[in-house]
Amino acid sequence: MPLTSPRRSALADQVIAQLRAQITSGEWPVGARIPTEPELVDELGVARNTVREAVRALAHNGLLDIRQGSGTYVVATSELAGVMNRRFADADPRHVAELRSALEAEAARLAAQRRTEGDLRQLDALLERREAAWESGAAEAFVEADATLHMAVVAASHNEVLAGIYADLGGVLRDFLRADVGEVLRPEAHMDHARLVAAIRAGDAALAASEAGAHSFGCRFPALKPT
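Residues numbered from 1 in each chain as written. Predicted model: local features only at pLDDT ≥ 70, side-chain atom pairs only at ≥ 80, totals over all residues. Heavy atoms only, no water.

### Some details on the pairing of strand β1 (residues 64–67)
Here comes step 1: Examined bridge by bridge, β1 and strand β2 (residues 71–74) share four bridges and lie antiparallel to one another. Bridge pairing links Leu64 to Val74 in β2.
Here comes step 2: Where β1 folds back onto β2 in an antiparallel hairpin, the turn is made up of three residues, including Gly69, whose phi is positive at roughly 85°. (Pairing = 2+ DSSP bridges. Helix = DSSP H or I, 4+ residues; strand = E, 2+ residues; numbered from the N terminus.)

This is how it looks when you write it as structure tokens:
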């Protein structure tokens with residue numbers, strides 16, 4: 001007799017869908033610790049085993065990371081992003097830099113041609129937030145602020161496919177940036193992003209692409225400088 005996959009209960013499917021929605025909507029952002037198992041049981045009104053099954057399913061799909069003694073954390077916003085995180089966790093940093101450079105250069109080129117006034121206001125606000133995070137000296141806050149600014153540049157390209165691919169690679173790119181920045185912000189490592197935003201505002205596609213493409217190689221690792 002051939003083996004058949006047991007069907008997950010409809011209730012567990014509903015819980016999985018609700019938890020996934022919290023993640024994909026940004027209610028639980030990447031890096032956030034989700035509510036504890038007892039809290040989810042109380043909030044959802046389902047049995048502990050159902051919650052546990054749902055959390056494990058999302059962990060298996062790469063959206064959550066269960067850390068014993070610490071909690072469960074969001075590590076990706078989609079199943080594809082989870083696959084990307086696992087697939088490229090040990091990728092050569094130069095290869096990640098080259099990919100990031102290619103994606104961000106094209107996104108900036110398109111953004112210079114397609115940006116709206118709303119996009120420019122968002123870029124100005126996020127640039128200010130990035131600089132404030134740098135001045136604070138908090139490395140993790142700077143990583144998030146920098147990554148968010150770059151995501152906004154990609155969004156300003158108004159290319160949904162490019163934005164989707166970039167978002168799915170977000171975890172890989174953040175890990176690359178986190179390793180690049182290190183635990184202590186160093187003055188000599190600061191990279192000016194005002195020129196990038198100014199080029200997008202001016203509609204200078206070539207300069208915007210050049211600025212964005214170079215940022216990935218302004219790394220602490222000399223080997224990552226363009227060759």
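### A closer look at the nonpolar core
Here comes step 1: Counting 18 residues, the largest nonpolar core has Ala108, Leu123, Leu149, Val153, Leu196, Ile200 and Ala208 as the members making the most contacts within it.
Here comes step 2: Taken together, the elements giving at least two residues each to this core come down to α5 (93–114), α6 (117–136), α7 (139–155), α10 (194–202) and α11 (205–215).
Here comes step 3: Every residue in contact with Leu149, bar those within four places of it in the chain, is listed here: Leu123, Leu126, Leu127, Arg130 and His193. (Core = buried A, V, L, I, M, F, W, Y, C linked by side-chain atoms within 4.5 Å. Buried < 20%, exposed > 50% of the residue type's maximum accessible area, 1.4 Å probe, protein only. Contact = heavy atoms within 4.5 Å.)

### Overview of the packing of α5 against helix α9 (residues 170–181)
Helix-helix packing is described using two parameters, namely the angle between the two axes and the distance between the axes.
Here comes step 1: Close contact between α5 and α9 brings their axes to 11 Å; oriented N to C, the two are set at 120°. With respect to their mutual orientation, α5 and α9 come out oblique. Like other packed secondary-structure pairs, α5 and α9 cross with a definite hand, here left-handed. Side by side, α5 and α9 meet where Pro93, Val96, Ala97 and Arg100 of the first sit next to Val172, Leu173, Phe176 and Leu177 of the second.
Here comes step 2: Taken together, the residues of the contact of α5 with α9 break down into seven nonpolar, no polar and one charged. (Axes fitted to C-alpha atoms, helices over the stretch in contact; angles between N-to-C directions. Parallel < 35°, antiparallel > 145°, perpendicular 65-115°, else oblique. Left-handed = near helix turned anticlockwise from the far one by under 90°. Nonpolar A, V, L, I, M, F, W, Y, C, P; charged D, E, K, R; others polar.)

### Re the confidence of the model for the protein chain
Here comes step 1: On average, the protein chain scores 87 in pLDDT, and the residues at 70 or more come to 91%.
Here comes step 2: Here helix α4 (residues 79–87) is the element of the protein chain with the lowest mean pLDDT, 82, and α10 is the one with the highest, 97.
Here comes step 3: Within the model, the stretch residues 220–227 combines pLDDT values under 50 with 18 contacts to residues more than four positions away or in other chains. (pLDDT = per-residue confidence, 0-100.)

### Regarding the pattern of salt bridges
Here comes step 1: Under the definition given, this model contains 17 salt bridges.
Here comes step 2: Between Arg94 and Glu98 there is a salt bridge, with its nearest N and O atoms 3.4 Å apart. Linking Arg94 with Glu98, this pair stays in helix α5, spanning four residues, or about one helical turn.
Here comes step 3: Taking the relative accessible area as the measure of exposure, Arg94 reaches 16% and is therefore buried.
Here comes step 4: Here Arg178 ties to Glu140 by a salt bridge, and the two come within 2.9 Å at their closest N and O atoms. With Arg178 in helix α9 and Glu140 in helix α7, the pair connects residues that are 38 residues apart, well separated along the chain.
Here comes step 5: A relative accessible area of 29% places Arg178 in the partly exposed class.
Here comes step 6: For Glu140, a relative accessible area of 39% translates into the label partly exposed.
Here comes step 7: Several salt bridges converge on common partners, so that one network encompasses Arg100, Glu104, Arg130, Glu131 and Asp146. (Salt bridge = Lys/Arg side-chain N within 4 Å of Asp/Glu carboxyl O.)

### A look at the side chain of Thr72
Here comes step 1: Looking at the element boundaries, Thr72 is found in strand β2.
Here comes step 2: Look past the residues within four positions of Thr72 in its chain and what remains in contact with it is Ala32, Arg33, Ile34, Val55, Leu64, Asp65 and Ile66.

### A short note on the packing of α6 against α10
Here comes step 1: Axis separation between α6 and α10 bottoms out at 11 Å; the angle between their running directions is 170°. Here α6 is positioned roughly antiparallel relative to α10, judged by the angle of their axes. For the pair α6 and α10, the contacting residues are Leu120, Leu123, Asp124 and Leu127 in the first and Ala194, Val197, Ile200 and Arg201 in the second.
Here comes step 2: Tallied by class, residues from the contact of α6 with α10 come to six nonpolar, no polar and two charged.

### Some remarks on α7
Because each turn of an α-helix spans 3.6 residues, side chains separated by three or four positions in sequence point in the same direction.
Here comes step 1: Between its first and last C-alpha, α7 extends 24 Å over 17 residues, near the 24 Å set by a 1.5 Å rise per residue.
Here comes step 2: Along α7, the positions that sit buried rather than exposed are Ala139, Phe142, Val143, Ala145, Asp146, Ala147, Leu149, His150, Ala152, Val153 and Val154.
Here comes step 3: Its buried side turned inward, α7 meets α5, α6, α8 (160–168), α9, α10 and α11. (Expected span 1.5 Å × (residues − 1).)

### Digging into the packing of aromatic side chains
Here comes step 1: The full count for this structure, using the stated rule, is one aromatic pair.
Here comes step 2: Summarising the aromatic geometry, the rings of Trp134 and Phe142 are spaced 5.0 Å apart at their centres and angled 75° between planes, so their arrangement reads as edge-to-face.
Here comes step 3: Arg67 extends its terminal NZ or CZ atom over the ring of Tyr73, reaching a point 4.2 Å from the ring centre. (Phe/Tyr/Trp six-rings, centres within 6.5 Å; stacked < 30°, edge-to-face > 60°. Lys NZ or Arg CZ within 6 Å of the ring centre and 35° of its normal.)

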